[in-house]
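Residue strings, one per chain:
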Amino acid sequence: MAASLPIPLVTSLQQIHSDLATVADQGLRWNHLISEFERLFNRRPTHVARAPGRVNLIGEHIDYALFGVFPAAIERDILVACAPRPGDFTGHIVAENLDAKYDPQAFTPAKGPAGSWHLEIDKTQLRWESYVKAGYYGVLEHFFMAGDGRPVGFDLLVTGSVPAGSGLSSSAAMVVASTLAFLAMNKKLDQLTKGALVQMAMENEKRVGVNSGGMDQAASVMATAQSALYITFHPRLSAEPVPLPTTAPRAVFVCANSLVVADKLVSAKHRYNLRVVETLVAARVLARRLRVPVAKTERVTLKQVVDRFLGVPEGADVGAAALRQGLERVIAEADGLRQGDSTDDDDDDPGLTLEEMVELSGLTPKEFHALYLSWVDVEATHFQLYKRTRHVLSEALRVLEFRALCLRHATTPAETQPQTLHALGRLMDESHASCATLFECSCPELDALTRAARAAGAYGSRLTGAGWGGCTVSLVAADAVDAFIRAVGRTYPAYQGLAPEALRAAVFATTPSSGACVFEVQ
């Protein structure tokens, strides 16, 4: 099982990238990083931590409801070169970034009288060093509490090829890579499994104000080259490599940046974090309708409600086939959460007021606030429970259908599989429609970009990542990628007039990459 495996320590790029052309290209980039580190700090780095971004093929905004998702790591990544300062056990960090728009930073953690650590993280601003500090926190609290010594002081240099705010999880990759750097410098790398690293990175990212569900970190850490991952979170974290079908024609996934920056941190309280609260409250309300028992102090998720509705024992895995049947049953019951005569795509439905939502939960206002609002910043006057529930349940069902198609056709002769691409594309299109109308996490630019992709010949296209900007992912015939990119470049307004190099940076084909690792510099 991937979660129980050790974190890889590698000594060559061939252990990271299987394609020789990619190794050659990346070799230039890695050598530049190492030479710049030498120039800045007058010595070679001892390690380079690497964490890839990810593209979520299907399964949006359902990880924090504990349903399975279907991402793949991408070749674009975050690299952190680092080296300790001999004899320095102050924990002082000097952090530089190859991108000149990010200022150099220096910070030292402070230990309070109770033994807890403190690093100042400004949640009101998007600052690159906040993600480095977030990575530091987990290592400090896990390994350097009372009586556990002092952390090593060291220098680090960051570079990244995952566009920030693109929906390809640059923030999660930054936190994972930073966490790995702190582990490596303090010789703690062998004390965590991949699963433990995912859990630590999830907690670390919450420190910058984003309540992540775990998909981004799990995809970055546990990915396998040439495979997608079916990642499940309940009853335990698990990652199953799923080979993508080899079809005729062969197909690839193409990422396209809308060029609208999706800043989860700054907008979290009225977007991402709000959706987390809505889905959690919706789970309790749905449980009451289904007569599923939920304790007053329990922050139950939609996946847990479905499991209990199906009579699954606590801690047992329901299995994909039974879950699929259960979701179909619960989706029908969820229609009872609809308000009045509203429809799935009713833009005029204002949703529920806070008072109405509290009443539906069966809790007192005080109990409700303690359970759902005391631990997260949200900002809203109305809340959508039915739409969020309908999206999460139907999206979870689409993930299972997508996985089943991939598994069913992984060994089928290629010449019999053209219909597979159309079936996968249909699920992607349905996913985007649900994100746009039910979860309301799309934006006009993403909608326009998916339309342009379909018009350019994509089998299917959808937003990927948190939404409200960022990237789309499209399923495209491999031999048509160049023509596809040119066509989208002509029809998507934000691409018109871009230089060829800028267009290639914004729209690119990707193959599933290997997961996070630490490179030992020889």
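The rules behind these values
Residues numbered from 1 in each chain as written. Predicted model: local features only at pLDDT ≥ 70, side-chain atom pairs only at ≥ 80, totals over all residues. Heavy atoms only, no water. 1 Å grid on protein atoms, 1.4 Å probe; cavity = no way out; pocket = protein on both sides within 12 Å on 5 of 7 lines; lining within 4 Å. Points joined across faces, edges and corners; volume = space filled by probe spheres on them. Helix = DSSP H or I, 4+ residues; strand = E, 2+ residues; numbered from the N terminus. Nonpolar A, V, L, I, M, F, W, Y, C, P; charged D, E, K, R; others polar. Axes fitted to C-alpha atoms, helices over the stretch in contact; angles between N-to-C directions. Parallel < 35°, antiparallel > 145°, perpendicular 65-115°, else oblique. Left-handed = near helix turned anticlockwise from the far one by under 90°. Contact = heavy atoms within 4.5 Å. Buried < 20%, exposed > 50% of the residue type's maximum accessible area, 1.4 Å probe, protein only. Pairing = 2+ DSSP bridges.

Some words on the layout of surface pockets
For step 1, the next point in the chain: Estimates place the volume of the largest pocket at around 980 Å³.
For step 2, the next point in the chain: Considering the residues around the largest pocket, the lining is formed by 46 residues, among which Tyr102, Ala164, Gly165, Ser170 and Ser171 are closest to the centre.
For step 3, the next point in the chain: Contributions of two or more residues to the lining of the largest pocket are made by helix H2 (128–143), strand S8 (154–160), helix H3 (170–185), helix H5 (215–222) and helix H6 (264–267).
For step 4, the next point in the chain: Considered class by class, the residues forming the lining of the largest pocket number 20 nonpolar, 14 polar and 12 charged.
For step 5, the next point in the chain: The space that makes up the second largest pocket amounts to roughly 500 Å³.
For step 6, the next point in the chain: Lining the second largest pocket are 19 residues, and of these Glu75, Arg76, Arg504, Phe508 and Ala509 lie nearest its centre.

Remarks on the packing of helix H12 (residues 386–409) against helix H13 (residues 418–437)
For step 1, the next point in the chain: Packing of H12 against H13 brings their axes to within 10 Å, and their N-to-C directions diverge by 165°. It follows from the interaxial angle that H12 and H13 lie roughly antiparallel. Crossing angle aside, the handedness with which H12 passes H13 is left-handed. Contacts between H12 and H13 involve Lys387, His391, Ser394, Glu395, Arg398, Glu401, Phe402, Leu405, Cys406 and His409 from the first element and Thr420, Ala423, Leu424, Leu427, Met428, Glu430, Ser431, Ser434, Cys435 and Thr437 from the second.

What about the side chain of Thr450?
For step 1, the next point in the chain: With respect to the helices, strands and loops of the structure, Thr450 is situated in helix H14 (residues 444–455).
For step 2, the next point in the chain: With relative accessibility at 1%, the residue Thr450 sits in the buried group.
For step 3, the next point in the chain: Not counting chain neighbours up to four residues away, the residues in contact with Thr450 comprise His432, Ser461, Arg462, Leu463 and Thr472.

Observations regarding the environment of Ala458
For step 1, the next point in the chain: Looking at the secondary structure, you find Ala458 in the loop between H14 and strand S14 (460–464).
For step 2, the next point in the chain: Each C-alpha atom of the pair Ala458 and Gly425 lies 7.8 Å from the other, and the pair is 33 residues apart in sequence.
For step 3, the next point in the chain: Not counting chain neighbours up to four residues away, the residues in contact with Ala458 comprise Ala453, Ser474, Leu475, Val476 and Phe484.

Description of empty space enclosed by the protein
For step 1, the next point in the chain: Within this structure, the stated rule accounts for 5 cavities of 30 Å³ or more.
For step 2, the next point in the chain: Looking at the second largest cavity, its volume works out to about 60 Å³.
For step 3, the next point in the chain: Surrounding the second largest cavity, His234, Gln304, Asp307, Arg308, Val312, Pro313, Glu314, Gly315 and Ala316 form its lining.

Examining the sheet that holds strand S16 (residues 507–510)
For step 1, the next point in the chain: On the basis of which strands lie adjacent, the open sheet formed by 4 strands has the order S14-S15-S11-S16 and antiparallel pairing. Edge positions in the sheet fall to S14 and S16, since each has one partner strand and no second. Each adjacent strand pair in this sheet contributes to an overall mean axis angle of 30°, direction not counted.
For step 2, the next point in the chain: In this sheet, S16 lies alongside strand S11 (residues 251–257) in antiparallel orientation, the contact comprising 4 bridges. Within the sheet, the bridge partner assigned to Ala256 lies in S16 and is Val507.
For step 3, the next point in the chain: The strands touched by H13 within the sheet are S11, S14 and strand S15 (471–477), with S14 carrying the most contacts at an inclination of about 40°.

Describing the pairing of S8
For step 1, the next point in the chain: The buried fraction of S8 is high, at 6 of 7 residues.
For step 2, the next point in the chain: Sheet topology places strand S3 (residues 70–84) next to S8; 7 bridges connect them, and they run antiparallel. Paired with Ile78 across the two strands is Gly160, which belongs to S8.
For step 3, the next point in the chain: As judged from the 5 bridges shared by strand S4 (residues 93–97) and S8, these two strands associate in the parallel manner. Of the residues in S8, the one forming a bridge with Ala95 is Leu156.

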